[in-house]
Amino acid sequence: MRILAMGDVVGQAGCEFVRDRLPAFRKKENIQMVVANGENSAEGNGILPSSAKHLFDSGVDVITTGNHVYKRREIYETLEREDGVIRPANYHPSAPGKGMYIFDGLRFKLCVINLQGTVYMESYESPFDCVDRLLEQVDTPNILVDFHAEATAEKLCMAYYLDGRVSAVVGTHTHVPTADEQILPGGTGYISDLGMCGGRYSVLGVKASCAMEKMRTRLPVKFENEKENIELCGVLLDIDEATGKTKTIRRIKLQ
């Protein structure tokens, strides 16, 4: 089974780039399933029903999110109704939506779990305790975890904690692709951050001029997403359907 895991899709330009490039790439690489983080897919931050639909129509099968998931109230109903859009599972039980989805690809099943880190981020339930509880409910060895976290150390700890119990742990949130893709001793594929689908010459998808002004002055600045020179970053995972172990992991970057 070949899975494409994509980093945070940023704004309208990111969504349009996915629409333009993903279908042909999916066919060329014989990809059976696509997971993308969509928490920044709405222009100006967050996710909207329209941006979620755009990603689904472009070939994405499951949309994960993170700390910006509730920025736009319009998405609340979609989170409750649409199984393929999930939010971090370790949020309070009253939060709209759910944190896990089992995708049925007919020939295979893949469980996608979304978690959020707690280091340098808001304090939620321990993602370690949360994932233990969720794994008791899963009936397939094929499991991918999107760990939306700030600290690399926390991401690595989660990867080793789950090594041999899930197929892959992929990091999101920092929008910068890391060069540490690997298969851990227990057969779990790992990368600290998938990167993003956003402007190559930007600061995490935001126009560099806006980000620099904010950093330099510490005054309120209206952020604008970079709309030119978009690139799509992520990893291709080949997973043994019988064992759930990752056989290969490869970074990709489409420009």
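For the structure, check the block above.
From a predicted model like this one, the values you see are computed outputs, not experimental measurements.

### Some details on the pattern of salt bridges
- Considering all chains together, one arrives at 14 salt bridges under this definition.
- Here aspartate 61 makes a salt bridge to arginine 26, at a shortest N to O gap of 3.0 Å. A residue pair is termed long-range when its members are at least 10 positions apart, and aspartate 61 in the loop between helix H2 (49–57) and strand S4 (62–64) and arginine 26 in helix H1 (residues 11–28) qualify at 35 residues. Summarising the burial analysis for this pair, aspartate 61 and arginine 26 share the class buried.
- Lysine 207 is paired through a salt bridge with glutamate 224; the nearest N and O atoms lie 3.6 Å apart. With lysine 207 in strand S13 (residues 206–207) and glutamate 224 in the loop between helix H6 (208–217) and strand S14 (230–239), this residue pair connects regions lying 17 residues apart in the sequence.
- Taking relative accessible area as the criterion, glutamate 224 reaches 42% and is therefore assigned partly exposed.
- Taken together, the salt bridges that share partners define one network made up of Arg2, Glu29, Asp238 and Arg250.

### Quick word on the packing of aromatic side chains
- Under the definition given, this model contains 5 aromatic pairs.
- Relative to tyrosine 124, the ring of tyrosine 91 has its centre 4.2 Å away and its plane inclined at 20°; by these criteria the two rings are stacked. Taken as a pair, tyrosine 91 in the loop between helix H3 (76–81) and strand S5 (100–104) and tyrosine 124 in the loop between strand S6 (109–116) and helix H4 (127–135) lie far apart in primary sequence, 33 residues in all.
- The exposure class of tyrosine 91 is buried, given its relative accessible area of 6%.
- Judged by centre distance (6.3 Å) and plane angle (40°), the rings of phenylalanine 103 and phenylalanine 108 are tilted. In terms of burial, phenylalanine 103 and phenylalanine 108 fall into one category: buried.
- What links up through ring pairs into an aromatic cluster is the set Tyr70, Tyr76, Tyr91 and Tyr124.
- Over the ring of tyrosine 161 we find arginine 165, and its NZ or CZ is 4.9 Å from the ring centre.

Procedures and definitions
Residues numbered from 1 in each chain as written. Predicted model: local features only at pLDDT ≥ 70, side-chain atom pairs only at ≥ 80, totals over all residues. Heavy atoms only, no water. Salt bridge = Lys/Arg side-chain N within 4 Å of Asp/Glu carboxyl O. Helix = DSSP H or I, 4+ residues; strand = E, 2+ residues; numbered from the N terminus. Buried < 20%, exposed > 50% of the residue type's maximum accessible area, 1.4 Å probe, protein only. Phe/Tyr/Trp six-rings, centres within 6.5 Å; stacked < 30°, edge-to-face > 60°. Lys NZ or Arg CZ within 6 Å of the ring centre and 35° of its normal.

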